[in-house]
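Each chain, letter by letter, is given below.
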Amino acid sequence: MERSAWMCLGLLVWVSSCCLAAEFDPCPSVNHMVLSNVKRSAGYQTQASDRPLCDTQLVQGWYRFQSGAGGEMPNTCPDRLRCGTVAPVWMNGKVPSATDGITTARACANFNDTSGPRCCQRSIDILVKNCTGFLVYYLKPTPTCSIAYCAGDRAPCPAG
């Protein structure tokens, strides 16, 4: 195939993926996965007996957090050893309105017990969409353990 034909083919693939992505709506339940572990809550203190949550095996894609602890990533820094993990990942940005469409946000991991810039030593870009009544997030696997996405702020009921 000639070089110009390859360039046209590449342009066609780029245009089709661009346009399909722009039309994609992650809000219907068939278009996102659900994370429901109540220990992801900022209200949950990770215990010494817990196996910390780890999102290195998370499949990249759209997710909805759905548990009794709440369904939104915190947009303030949770303390270290919260959210069922050692370094909780939180959203450093504002919650988009339903009319904003899909927005980009910065997800930060807190490796320290401090606030401010030290609360966001490592970050990753995520996408967020307000589906009117709930949010969905385009998440990527975390680079290492024990790092996990945080959602909700209510403390889960004790076992038993």
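Here the structure is shown first, and the text comes after it.
Small disclaimer: the values here were computed from a predicted structure and weren't measured.

*Asks:* It is not clear to me how the sheet that holds strand β6 (residues 135–139) should be interpreted in this structure. Could you clarify?
*Replies:* In a beta sheet, neighbouring strands pair by backbone hydrogen bonds and run either parallel or antiparallel. The strand order across the open sheet formed by seven strands is β1-β2-β6-β5-β4-β3-β7, and the pairing between neighbours is mixed. At either margin of the open sheet sits one strand with a lone partner, and together these are β1 (33–35) and β7 (147–149). The sheet shows a mean angle of 40° between the axes of neighbouring strands, taken without regard to direction. Examined bridge by bridge, strand β2 (residues 61–65) and β6 share three bridges and lie antiparallel to one another. By the bridge assignment for β6, Gly 61 is matched with Leu 139.

*Asks:* Whenever I open this one, the packing of aromatic side chains confuses me. Can you help?
*Replies:* Any aromatic ring pair is given by two values, namely how distant the centres are and how the planes are angled relative to each other. Per the stated rule, a full pass over the model turns up two aromatic pairs. Seen in terms of ring centroids, Trp 62 and Tyr 138 are 5.5 Å apart; in terms of plane orientation they differ by 70°. Their pairing is edge-to-face. Of this pair, Trp 62 sits in strand β2 while Tyr 138 is found in strand β6, placing the two residues 76 residues apart along the sequence. Positioned over the ring face of Phe 134 is Arg 64, at 3.8 Å from the centre of the ring. The ring of Phe 111 is capped by Arg 122, whose NZ or CZ atom sits 5.2 Å from the centre of that ring.

*Asks:* Could you clarify how one ought to interpret the state of the cysteines in this entry?
*Replies:* Disulfide: a covalent bond formed between the sulfur atoms of two cysteine residues. Taken as a whole, this structure holds five disulfides when the rule is applied. Two residues share a disulfide in this structure: Cys 27 and Cys 131, whose sulfurs sit 2.0 Å from each other. An S-S torsion of about -85° defines the bridge between Cys 27 and Cys 131 as left-handed. Of the two residues, Cys 27 sits in the loop between α1 (3–23) and β1 while Cys 131 sits in the loop between β5 (122–130) and β6, which places them 104 residues apart along the sequence. On the basis of relative accessibility, which here comes to 14%, the residue Cys 27 falls in the buried class. Overall, the relative accessible area of 12% leaves Cys 131 in the buried class.

*Asks:* Please explain the pattern of salt bridges as it appears in this structure.
*Replies:* Side chains that carry opposite charge are capable of pairing whenever their charged atoms lie near each other. Scanning all chains against the criterion turns up three salt bridges. The salt bridge partner of Lys 129 is Asp 25, with a shortest N-O separation of 2.9 Å. A residue pair is termed long-range when its members are at least 10 positions apart, and Lys 129 in strand β5 and Asp 25 in the loop between α1 and β1 qualify at 104 residues. Among the residues examined, Lys 129 registers a relative accessible area of 15% and is labelled buried.

*Asks:* Looking at this model, I keep getting lost on the side chain of Lys 129. Mind explaining?
*Replies:* For Lys 129, the side chain forms a polar contact with the side chain of Asp 25, separated by 2.9 Å. When residues no more than four places from it in sequence are discounted, the contact partners of Lys 129 are Asp 25, Pro 26, Cys 27, Trp 62, Gly 101, Ile 102, Phe 134, Leu 135 and Val 136.

*Asks:* Please explain the side chain of Asn 130 as it appears in this structure.
*Replies:* Among the secondary structure elements, Asn 130 is positioned in strand β5. Among the residues examined, Asn 130 registers a relative accessible area of 16% and is labelled buried. At 2.9 Å, the side chain of Asn 130 and the backbone oxygen of Pro 96 are in polar contact. The residues touching Asn 130, leaving out its near neighbours within four places in the chain, are Val 95, Pro 96, Ser 97, Ala 98 and Leu 135.

*Asks:* Looking at this structure, how should I read the environment of Asn 110?
*Replies:* Along the chain, the position of Asn 110 falls in the loop between β4 (102–109) and β5. The spacing of Asn 110 and Asp 79 is 31 residues in sequence and 7.2 Å in space, taken between C-alpha atoms. When sequence neighbours within four positions are dropped, the list of residues in contact with Asn 110 reads Cys 77, Pro 78, Asp 79, Arg 80, Val 86, Ala 87, Pro 88, Trp 90, Arg 118 and Cys 119. Only 2.7 Å separates the side chain of Asn 110 from the backbone oxygen of Pro 78, close enough to count as a polar contact.

Reading the values: the criteria
Residues numbered from 1 in each chain as written. Predicted model: local features only at pLDDT ≥ 70, side-chain atom pairs only at ≥ 80, totals over all residues. Heavy atoms only, no water. Pairing = 2+ DSSP bridges. Helix = DSSP H or I, 4+ residues; strand = E, 2+ residues; numbered from the N terminus. Axes fitted to C-alpha atoms, helices over the stretch in contact; angles between N-to-C directions. Phe/Tyr/Trp six-rings, centres within 6.5 Å; stacked < 30°, edge-to-face > 60°. Lys NZ or Arg CZ within 6 Å of the ring centre and 35° of its normal. Disulfide = S-S within 2.5 Å. Buried < 20%, exposed > 50% of the residue type's maximum accessible area, 1.4 Å probe, protein only. Salt bridge = Lys/Arg side-chain N within 4 Å of Asp/Glu carboxyl O. Polar contact = N/O pair within 3.5 Å; in protein donor to acceptor, adjacent residues only side chain to side chain. Contact = heavy atoms within 4.5 Å.

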